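Given next are the chains, with one letter for each unit.
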Amino acid sequence: MTVNIRTTEANVAAQQLDLIALYRTMVTARTTNDILKTRKTQGKFAFYIGCAGHESIAAVVAALNEDDWLSLYYRDLAAWLQRTGDIRGPLREAYSRTTGPMCSGRNMPSHYSSKRHHILPTFSEVGALAPFAGGVGFSLQWHKSSDLIMYTTGDGGVATNDFNVLFRQAAVHKLPVLMVVEDNGWAITTASPIQWAGSLVEWARGGGVYAEEVDGTDTMATYEATTRLVQHIRSGQGPVLMHLRLGLLDAHSSSTDIKSYRKKEEIELTTATKDPVKNFGRWLVEHGHLQEADIERIRKEVRAELERAEAQVLQEPEPTADRVMDHVINVPQWRENTPRGKKRPTPMLGAINEALVELAQRDSGFFVYGQDVGSPKGGVFGATSMLVTQFPGRAISSPLNEQLIVGIAAGAGMVDGKARCAEIQFVDYHQSAAQTIRMAARVSYQSYGDWSVPLIIRTKSGSGGGGPISSSTAGGGAFGHSNTGEQWFTTIPGMITICPATPFDAKGLLLEAGRAQSPVAFLERGRLYRSEPPKDDQGNVIAAIAECWNVPDGYYTLPIGKARRLRIGEGPSSLAIIAWGTMVLEACTAAANIVNSRGGAIDIVDLRTLAPFDEEAVAAAVREANRVIVVTEESDLTSFGRHVHSWIVQHCFYDLDGTPAFISALPAPAAPYNAPEETAFYPTARTIEEKMGELLAE
Ligand SMILES: Cc1ncc(C[n+]2csc(CCOP(=O)(O)OP(=O)(O)O)c2C)c(N)n1
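It should be emphasised that the depicted structure is a prediction, and the values quoted were computed from it without experimental measurement. (Residues numbered from 1 in each chain as written. Predicted model: local features only at pLDDT ≥ 70, side-chain atom pairs only at ≥ 80, totals over all residues. Heavy atoms only, no water.)

1. Let's talk about the overall build of the chain
Where we set the bar: Numbered from the N terminus, helices here are DSSP runs of H or I no shorter than four residues, and strands are runs of E no shorter than two. Radius of gyration here uses only the C-alpha atoms, and the compact-globule reference equals 2.2 Å multiplied by the residue count raised to the power 0.38. Remark: exposure states derive from per-residue accessible area (1.4 Å probe, protein chains only) relative to the maximum for the residue type, with buried under 20%, exposed over 50%, and partly exposed in between. In what follows, a contact means two residues having at least one pair of non-hydrogen atoms within 4.5 Å.
Looking only at helices and strands, one finds 24 helices and 21 strands in the chain. The globule rule puts the C-alpha radius of gyration for 698 residues at 26 Å, and the 29 Å found for the chain is close to it. Seen along its three principal axes, the alpha-carbon backbone of the chain occupies a region of about 100 × 55 × 45 Å. The proportion of buried residues among the 698 residues of the chain is 61%. By sequence separation, contacts in the chain at least 24 residues apart represent 79% of the contacts at least 6 residues apart.

2. Notes on a nonpolar patch on the surface
What counts here: Patch definition: residues with relative accessible area over 30% and no salt bridge; like charges joined within 9 Å; nonpolar side chains (Val, Leu, Ile, Met, Phe, Trp, Tyr) joined within 5 Å. Residue exposure ignores everything except the shown protein chains as possible cover, and the areas themselves are Shrake-Rupley values with a 1.4 Å probe. For salt bridges, the criterion is a side-chain nitrogen of Lys or Arg within 4 Å of an Asp or Glu carboxyl oxygen.
Together, Val649, Phe653 and Tyr654 give the surface a local cluster of nonpolar side chains, amounting to about 390 Å² of exposed area. Inspection of the secondary structure puts Phe653 in the loop between helix H22 (640–652) and strand E21 (661–665).

3. Comments concerning the pairing of strand E20 (residues 628–635)
Rules: One requirement defines pairing of two strands: DSSP has to find at least two bridges between them. Here, the term right-handed applies to a crossover whose path from the first strand over the helix to the second runs clockwise when the strands point away from the viewer.
For E20, the tally of buried residues reaches seven of eight residues, placing the bulk of the element in the interior. Relative to E20, strand E17 (residues 573–579) runs parallel, the two sharing three bridges. Within E20, the residue paired with Ala576 across the bridge is Val628. A crossover connection joins E20 to the parallel E21 through H22; in handedness this β-α-β unit is right-handed.

4. Some remarks on the site of the ligand
Convention followed: A molecule or strand has a residue near it when one of that residue's heavy atoms lies within 4 Å. For the purposes of these results, a polar contact is taken to be a pair of N or O atoms within 3.5 Å, where, inside protein, one atom must be able to donate a hydrogen and its partner to accept one; residues adjacent in sequence count only when each atom of the pair is a side-chain atom. Under the scheme applied here, ten amino acids are nonpolar (Ala, Val, Leu, Ile, Met, Phe, Trp, Tyr, Cys and Pro), four are charged (Asp, Glu, Lys and Arg), and all others, including Gly, are polar.
Around the ligand, 15 residues are found, and the nearest of them are Tyr73, Tyr74, Arg75, Gly156 and Trp186. Separating an oxygen atom of the ligand from a backbone N or O atom of Asp155 is a distance of 3.2 Å. Within the backbone of Gly156, one N or O atom sits 2.8 Å away from an oxygen atom of the ligand. For the ligand, the protein covers 70% of the area, taking 580 Å² as the surface of the free molecule. Grouping the amino acids of the shell around the ligand by side-chain chemistry returns six nonpolar, six polar and three charged.

5. Structural notes on the side chain of Gln169
If you trace the backbone, Gln169 turns up in helix H7 (residues 161–173). For Gln169, a relative accessible area of 0% corresponds to the buried category. Each residue touching Gln169, except ones within four places of it in the same chain, is listed here: Ala130, Pro131, Gly134, Gly135, Leu175, Leu404, Gly407 and Ile408.

6. Side note on the state of the cysteines
To keep things clear, this is the line we draw: Cysteine sulfurs are considered disulfide-paired once they come within 2.5 Å of each other.
Here the structure, examined in full by the defined rule, presents zero disulfides. Free of any disulfide, Cys103 has its nearest cysteine sulfur in Cys51, 18 Å distant. Here Cys103 falls in the buried class, since its relative accessible area comes to 3%.

7. Let's talk about the sheet that holds E20
The condition is simple: Note on geometry: axes are lines fitted to C-alpha atoms, helical ones only across the stretch in contact, with angles between N-to-C directions running from 0 to 180 degrees.
The sheet built from five strands is open, its strands ordered E16-E18-E17-E20-E21 with mixed pairing. Each edge of the open sheet is held by one strand with a lone partner, namely strand E16 (564–569) and E21. In this sheet, adjacent strand axes meet at a mean angle of 20 degrees when their direction is disregarded. Those strands touched by helix H20 (residues 582–598) are E16, E17, strand E18 (601–606) and E20, and its axis lies near 175 degrees from that of E18.

8. Regarding the confidence of the model for the chain
Note the following rule: Within a predicted model, pLDDT stands for the predictor's per-residue confidence, ranging from 0 to 100.
The predicted model of the chain averages 95 in pLDDT, with 96% of residues at 70 or higher. Scored below 50 in pLDDT, residues 1–14 makes 30 contacts in the model with residues more than four places away or belonging to other chains.

9. Some details on the sheet that holds strand E7 (residues 240–245)
Within the open sheet, the five strands sit side by side as E1-E2-E3-E7-E6. Their pairing is parallel. Only two strands of the sheet have a single neighbouring strand rather than two, namely strand E1 (69–71) and strand E6 (210–215). Averaged over all adjacent pairs, the angle separating strand axes in this sheet is 20 degrees, with direction ignored. When E6 meets E7, the two strands line up parallel, connected through six bridges. Its bridge partner being in E7, Val214 is matched across the sheet by Leu244. Along the sheet, helix H6 (residues 130–142) contacts E1, strand E2 (149–154) and strand E3 (177–183); its crossing angle with E2, the most-contacted strand, is approximately 165 degrees.

10. Observations regarding the nonpolar core
The condition is simple: Nonpolar cores were defined as sets of buried Ala, Val, Leu, Ile, Met, Phe, Trp, Tyr and Cys residues, with membership established by side-chain atoms within 4.5 Å.
Membership of the largest hydrophobic core comes to 84 residues, with the highest contact counts inside it found for Met179, Leu241, Ile578, Leu607, Val618 and Ile648. In terms of residue count, helix H15 (residues 402–416) provides more of this core than any other element does, eight residues in total. In contact with Ile648, not counting residues within four places along its chain, are Ile578, Val618, Val622, Val628, Val630, Phe653, Leu656 and Pro660.

11. A closer look at the pattern of salt bridges
Pairing is possible between side chains that carry opposite charge, provided their charged atoms lie close to one another. Evaluation of the coordinates by the stated rule reveals 40 salt bridges. For Glu524, the salt bridge is made with Arg458, and the minimal N-O distance between the two is 2.6 Å. Placement of the pair is Glu524 in strand E14 (residues 520–525) and Arg458 in strand E12 (residues 455–461), with a sequence separation of 66 residues. Classification of Glu524 as buried rests on a relative accessible area of 0%. Residue classification places Arg458 among the buried positions, given a relative accessible area of 1%. Sharing partners across several salt bridges, the network here consists of Arg24, Asp294, Arg297 and Glu301.

12. Quick word on the environment of Asn107
Positionally, Asn107 belongs in the loop between helix H5 (88–94) and H6. Overall, Asn107 belongs to the buried group, its relative accessible area being 17%. It is 14 Å that separates the C-alpha atoms of Asn107 and Met325, two residues lying 218 residues apart in sequence. Not counting residues up to four positions away in its chain, the partners in contact with Asn107 are Glu93, Thr122 and Gln446.

13. With respect to the environment of Glu615
The residue Glu615 is located in helix H21 (residues 615–625) in this model. Once the C-alpha coordinates of Glu615 and Pro534 are considered, the two residues, 81 residues apart in sequence, prove to be 26 Å apart.

14. Re the packing of aromatic side chains
We apply this condition: Pairing of aromatic rings covers Phe, Tyr and the six-membered ring of Trp, with a centre-to-centre limit of 6.5 Å; geometry is then stacked below 30 degrees between planes, edge-to-face above 60, and tilted otherwise. Here, a charge over a ring is recorded when the distance from Lys NZ or Arg CZ to the ring centre is within 6 Å and its angle to the ring normal is within 35 degrees.
Taken as a whole and assessed by the stated rule, the structure comprises 22 aromatic pairs. Look at Trp580 and Phe640: their rings are 5.2 Å apart centre to centre, the planes differ by 70 degrees, and that puts the pair in the edge-to-face class. You can see Trp580 sitting in the loop between E17 and H20 and its partner Phe640 sitting in helix H22, a full 60 residues away along the chain. In terms of burial, Trp580 and Phe640 fall into one category: buried. Of the aromatic side chains, those joined through ring pairs into one cluster are Phe138, Trp142, Phe367 and Tyr369. Between Lys343 and the ring centre of Phe504, over which it is positioned, the NZ or CZ distance is 5.9 Å. Its guanidinium or amino end placed over the ring of Tyr555, Arg362 lies 3.5 Å from that ring's centre, counting from NZ or CZ.

15. So, the packing of H6 against H15
When two helices pack together, their arrangement is given by the angle between their axes and by how far apart the axes lie. The cut-off we apply is this: An angle counts as roughly parallel when it lies under 35 degrees, as roughly antiparallel when it exceeds 145, as roughly perpendicular when it falls between 65 and 115, and as oblique in every other case. Two helices that cross are described as forming a left-handed crossing if the nearer one is turned anticlockwise from the farther one by less than a right angle, and a right-handed crossing if clockwise.
Where H6 meets H15, the closest approach of the two axes is 6 Å, and the angle between their N-to-C directions is 60 degrees. Relative to H15, the element H6 lies oblique. The way H6 lies across H15 gives a crossing that is right-handed. Touching Pro131, Phe132, Gly134, Gly135, Val136, Phe138 and Ser139 of H6 are Gln403, Gly407, Ile408, Ala410, Gly411, Ala412, Met414, Val415 and Asp416, all from H15. Residues that form the contact of H6 with H15 fall into these classes: nine nonpolar, six polar and one charged.

16. Structural notes on the side chain of Asp147
Here is the rule: Counted as positive: Lys and Arg. Counted as negative: Asp and Glu, with His and the chain ends omitted from the count.
Here Asp147 lies in the loop between H6 and E2. Buried within the structure, Asp147 lacks any salt-bridge partner; its nearest side chain of opposite charge belongs to Arg234, at an N-O separation of 5.0 Å.

Next up, the structure:
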């Protein structure tokens, strides 16, 4: 095992540091901790999780620059104080005051966050911030900044997928990241040998990351080591892992009884030897920086200051129920713009390529990150091939890890305030990134609007093959390549989900997604990448939608949250079909066949945006036709289509002449590979036509 504890250079480092200010910060952290711990037991609020034993993290922050980024966890009160100097912030959040600087009283205490101070929003999910921290590091490197990001986690956090993702992000791209593992020996009741085998330092070094073990109970050793390790990072030698040995002086949190899982002798030994505040005070006295009496004086001064601050904080306003929906989602205000470019027949894949080039042209920080996207082929589907040729370096191939991909784009977007694009090869494989996506969508709500995560997740979704299901042979996407995806994204509060059916909409909506401040899931139906406009059974192209295959050159945007209404036939509408993606093409074919044989008109509402969906357009179409079918390519267990269907029942009941119909794929895991089973799995124009016949006969 490699152990590298250095204390000898402490005096050199001390000359560059305001030692007394650092000590005072650590005392302030401990005293705040003790006050809040007591207030919790007095029933003043529901929960508290403390910092006792971790105060030397202030020395790590002291060795950084003011602009360096911090990704903290709940034990890092001293890091918060060292960076912000704000003693009221932790009290405000503990007492849930709207003045709270981290989340305006919305989250639990100890969830440090501040855009102004470059502190990312701490999540309760252990490790969950790690992939975002990698994205921040990626952005700093991209912008050739001399800043770095410090990421902290406990020994338990090291075992999370998220931490391993950060490690790989940092190692592979040589990012300016300082990973600090605050090892207090415990993860609630589990001792640290359960979290990894062997030596953490050797593990990190084996993975290409320089690592050292540091004694975190010795504040000066911590400061000196950080100074040296930070130099390593800033000199371009890549990331560093610091294994910081600490002791946990309290129970895990206010919900845990320390005696139920730790032995009396171990607690006493930890208290006697591993208290960084006491150890640092003793060091300051021994080295003549303080007198013994100063220790008690500082403690009293700090306590009095905090009690005054607490009394003030208690006068400040508490949240009111009427703000509960504030900062859930941020859909961009669409600016009317008429496409001026010359129109050319273009398939959806061409339209997506063009949109990515437009985004790169308008924003020098824009990039697409994902598997194979940087190859001349432009990813497995070729969506980035124009970007690769026209803007070298803006389509960047990633390791094979979807959580890693999303983390890079999400974290970089948080730095720039502009969406960067993650490409997930097949939506089925987004699943390792599910937690990171959910967190990204929650950030704005959790931080009460202080942070947002602009992010585009483009992904191939739905059945394979080319063109509408009804006009092609088996797509053969099968398991792993044919999920539709909307059921995974439309259920996430704070997430925008888009699923275009035509090339014109794909380009305009992708460009508008680039303006969004909430994360966007952009579902590209594989069948539609090269599809032509739909036809009726007589082979006639359906004029009502065909124009959408002519795509203007240059920049234009289309509004998020607005459906497209298509009228097939003449006169008043006798039936409304609500659809999106491939099912719009199937519905057009079905409607044209019915109109050819019976006359009249049918309204198709192409939702285009699924979340938030255009309730007005749906209600208007139902009001006019009094009959409706919702059709989705999803399996029906349960689905976004079911949600729309249920919404219609709830909101449009009195406008309906009959039960709203619902058509979906079968409730099986996914489409089988062979043609007969695959075609039986999906709804097609034929299924829709049959249902329309039934409804119109009623
Ligand atoms: C992903 C996840 N799993 C479980 C929990 C519940 N939990 C909260 S803190 C904690 C232990 C974390 O231990 P460690 O990372 O060592 O930090 P420490 O509390 O010891 O400082 C657990 C399991 C959680 N918050 N997130």
